[in-house]
Amino acid sequence: MKKFFVLFALLSAFSVTVVAQEANQLDKDSQTSVKPVSEDMRTIQLGCDLARYGYSNKSASALIEAARLLSSVTIQPATDERSVEGEGKANEGKKHSAVSYDPNQILKDAKKYAGKDKTLLALADQVEKSMSTTHRGSIVGAKTIRDCVRGNTTDVWKCRFRGGETALVIVVGDGDTDLDLYIYDENDRLIECDLDNTDNCVCSWTPKWTGSFTIKIKNRGSITNCYSYYHN
């Protein structure tokens, strides 16, 4: 499944409207209504995309908007079980990327890129102030884990998803290596994957029943990649 959507006009008032299309899908096998992906997950996806754009282009405006989007969603720490496949190299080389998906760190970096631009600094301060207020996000919406996968190693996560509800897994790495994402059902059958040459991975599917799924994040490079892993 290939993703990711176009980065749009970043400036103007730095406001982004995330429009979730609400189409009434039917699961062909069960003939039951399928619940669409939540707006919170779409907001996270867009926020991460803007963060990557901001870091690669040293754009303070993009980072400020990314921090605003990511901080606008109430994200719960995930409690997924983790295991590791493979052995990373002892000498993994030097890391180069400084990409972060933590809103607080993003804002710090945005201010650095903004330099002495008073308008951008004021916008960053405004977002920072709003981050201390109550979030609007759902209580039981998105969940996240931030972790690192060593070179030539696979992180394995176990997670439960609800039947008839669209499941979405997002993995965004730090940019140093290629990450691949695999989704297996409880019968160890591969049901989705994202195998492009980046560490920006998205998989979406609709489970026919509620059950446990295995999420594998494989590092194709020789350097540790620190990633953020989100799911609904």
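Nothing here was measured: the structure is a model prediction, and the numbers come from that model. (Residues numbered from 1 in each chain as written. Predicted model: local features only at pLDDT ≥ 70, side-chain atom pairs only at ≥ 80, totals over all residues. Heavy atoms only, no water.)

Overview of the pairing of strand 6 (residues 154-161)
Taking burial as the measure, the eight residues of strand 6 include six buried ones, the bulk of the element. In this sheet, strand 11 (residues 211-219) lies alongside strand 6 in antiparallel orientation, the contact comprising eight bridges. Looking at strand 11, one finds that Arg160 is bridged to Ser212. (Buried < 20%, exposed > 50% of the residue type's maximum accessible area, 1.4 Å probe, protein only. Helix = DSSP H or I, 4+ residues; strand = E, 2+ residues; numbered from the N terminus. Pairing = 2+ DSSP bridges.)

Comments concerning the environment of Tyr113
Relative to the elements of secondary structure, Tyr113 occurs in helix 3 (residues 103-114). Exposure remark for Tyr113: the relative accessible area of 26% places this residue in the partly exposed category. Here the alpha-carbon distance between Tyr113 and Ser59, two residues 54 residues apart in the chain, equals 6.6 Å.

A look at helix 2 (residues 60-71)
Residue pairs spaced three or four apart in an α-helix point in one direction, given the helix's 3.6 residues per turn. Compared with the 16 Å implied by 1.5 Å per residue over 12 residues, the 16 Å span of helix 2 between its first and last C-alpha is a close match. Taking burial as the measure, the 12 residues of helix 2 include 11 buried ones, the bulk of the element. Taken together, the buried positions of helix 2 are Ala60, Ser61, Ala62, Leu63, Ile64, Glu65, Ala66, Ala67, Leu69, Leu70 and Ser71. Packed against the buried residues of helix 2 are helix 1 (39-57), helix 3 and helix 4 (118-130). (Expected span 1.5 Å × (residues − 1). Contact = heavy atoms within 4.5 Å.)

Considering the packing of helix 2 against helix 3
To characterise two packed helices, one gives the angle between the axes of the helices and the distance between these axes. Their axes nearest at 8 Å, the elements helix 2 and helix 3 cross at an angle of 165 degrees. As judged from the angle between their axes, helix 2 and helix 3 are roughly antiparallel. Note on packing geometry: the crossing formed by helix 2 with helix 3 is left-handed. On the side of helix 2, the interface is formed by Ala60, Leu63, Ile64, Ala67, Leu70 and Ser71, while helix 3 contributes Pro103, Ile106, Leu107, Asp109, Ala110, Tyr113 and Ala114. In terms of residue class, the contact of helix 2 with helix 3 is built from 11 nonpolar, one polar and one charged. (Axes fitted to C-alpha atoms, helices over the stretch in contact; angles between N-to-C directions. Parallel < 35°, antiparallel > 145°, perpendicular 65-115°, else oblique. Left-handed = near helix turned anticlockwise from the far one by under 90°. Nonpolar A, V, L, I, M, F, W, Y, C, P; charged D, E, K, R; others polar.)

What about the sheet that holds strand 11?
Ordered by their spatial adjacency, five strands build an open sheet running 4-6-11-8-9, and the pairing between neighbours is antiparallel. Since the sheet does not close on itself, it has two edges, and those belong to strand 4 (81-85) and strand 9 (190-194), each with one partner. Each adjacent strand pair in this sheet contributes to an overall mean axis angle of 20 degrees, direction not counted. Bridging between strand 8 (residues 179-184) and strand 9 involves four bridges; their strand directions are antiparallel. By the bridge assignment for strand 9, Ile183 is matched with Glu192.

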